[in-house]
Amino acid sequence: MISLSDYLILSAIIFCIGLVGIFVNRTNIITLLMCVELILVAVNTNFIAFSHFLGNEAGQIFVFFILTVAAAEVAIGLAILTLLFRNKGSINVDVTNSLKG
Amino acid sequence: MTFDQILFYVFSFWFIAASLAMIFSRNAAKAVLFLILAFFSAASIWILLEAEFLAITLILVYVGAVMVLFLFVIKMLNIDKSTLRAKFAGYLPLGLIVAAIIATEMALVLGANQFGLEVMAAPARHAADYSNITVLALQLYTDYVYPFELAAVLLLIAIIAAITLVHRNEGNRKTQNIAEQVSVKAKDRVRLVSITTPNKEGK
């Protein structure tokens, strides 16, 4: 049988891959958003694993809400990205430096 | 090794491999395709955990809607690939060190000593007529009905915000001119034309 620690370590690995992705792709906003999605899926796997092993469905409800909020976040993030590209002509993180104080 | 374990290791391998390929791929469109593979593997693992509804939701909502949205944006924006990975080498070692430390710490905390099968036994599989959707819906519409409504409002706000953000320039918009509508007269709308009709005898 698969133990709970297997699932938890798998999602920890995925979480760290997402984190490395943020370091590696820190100039490209689209890939940054995708790395955030990866981290969210890792967190959701944790929730579902605990929900399964503890016999409590509240964890799955939480995953449901996380999926909802993440979908809204992606929609608004991509809208902002389109707007940034329209105004600056690039989606590089380095071009968004006009707010320096 | 049971069949469950074989499935788990196959899905985990593809999950990790697709995630690594996603973060190291140079092309954003290829990264989206690898992320789709990662989501499919994650959904398979969720099905192993008997969360069928969420697994299918992940495929339908994420692969079907969100990833296609990503692909649309990537195809629409025509990104210059050469500038995207300029600082690749500079931050890779630091990122790898941080991730390795976090992974080691998590493996120590979440290892078999704390969450192994001896400590937390695997629950028995549900019967064949067990409905995951029924169980979730019972909780969602009773205990969690207010968060459910809030999630609906949040999605509405997201729709309005996304449309308002992107749809900005005045020229593309079809708007009403209220003053023109109010001050309209009947002769502006209806034009009476006198036409000579032939009479009954055809003269």
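Residues numbered from 1 in each chain as written. Chains lettered and ligands numbered in written order. Predicted model: local features only at pLDDT ≥ 70, side-chain atom pairs only at ≥ 80, totals over all residues. Heavy atoms only, no water.

**Here we look at the state of the cysteines**
Residue and element names in this part refer to chain A.
Move 1: One pass over the structure, following the stated rule, counts zero disulfides over all chains.
Move 2: With no disulfide of its own, Cys16 lies closest to Cys35 among cysteine sulfurs, the gap being 13 Å.
Move 3: Owing to a relative accessible area of 0%, Cys35 belongs among the buried residues under this scheme. (Disulfide = S-S within 2.5 Å. Buried < 20%, exposed > 50% of the residue type's maximum accessible area, 1.4 Å probe, protein only.)

**Focus on the UniProt feature "transmembrane region" (unreviewed entry) in chain A**
Residue and element names in this part refer to chain A.
Move 1: The feature "transmembrane region" (unreviewed entry), as annotated in UniProt, sits at residues 6–24, 31–55 and 61–85 in this numbering.
Move 2: Taken end to end, residues 6–24 has its terminal C-alpha atoms 27 Å apart, with 100% of it in helix and 0% in strand.
Move 3: In this annotation, residues 31–55 is assigned 96% helix and 0% strand; the end-to-end C-alpha distance for the span is 36 Å. (UniProt positions renumbered as here; feature names shortened; annotations may be inferred. Helix = DSSP H or I, 4+ residues; strand = E, 2+ residues; numbered from the N terminus.)

**What to know about the interface of chain A and chain B**
Move 1: On the chain B side, the residues contacting the 67 residues of chain A number 85 residues.
Move 2: Summed over both sides, the interface of chain A with chain B buries roughly 7100 Å², with 80% coming from carbon and sulfur.
Move 3: The tally of links between chain A and chain B comes to zero salt bridges.
Move 4: Taken together, the connections running from chain A to chain B amount to six residue pairs in polar contact (both at pLDDT 80 or more). (Contact = heavy atoms within 4.5 Å. Buried area = accessible area lost by both parts, 1.4 Å probe. Salt bridge = Lys/Arg side-chain N within 4 Å of Asp/Glu carboxyl O. Polar contact = N/O pair within 3.5 Å; in protein donor to acceptor, adjacent residues only side chain to side chain.)

**Description of helix H2 (residues 29–54) of chain A**
Note: α-helices contain 3.6 residues per turn, so residues at a spacing of three or four share the same orientation.
All names here are of chain A.
Move 1: With 26 residues, H2 should reach 38 Å at 1.5 Å per residue; the first-to-last C-alpha distance of 38 Å fits that figure.
Move 2: The opening residue of H2 is Asn28, an N-cap whose side-chain oxygen sits 3.2 Å from the backbone nitrogen of Ile30.
Move 3: Looking one or two places after H2, you find Gly55, whose phi comes out positive at around 70°. (Expected span 1.5 Å × (residues − 1).)

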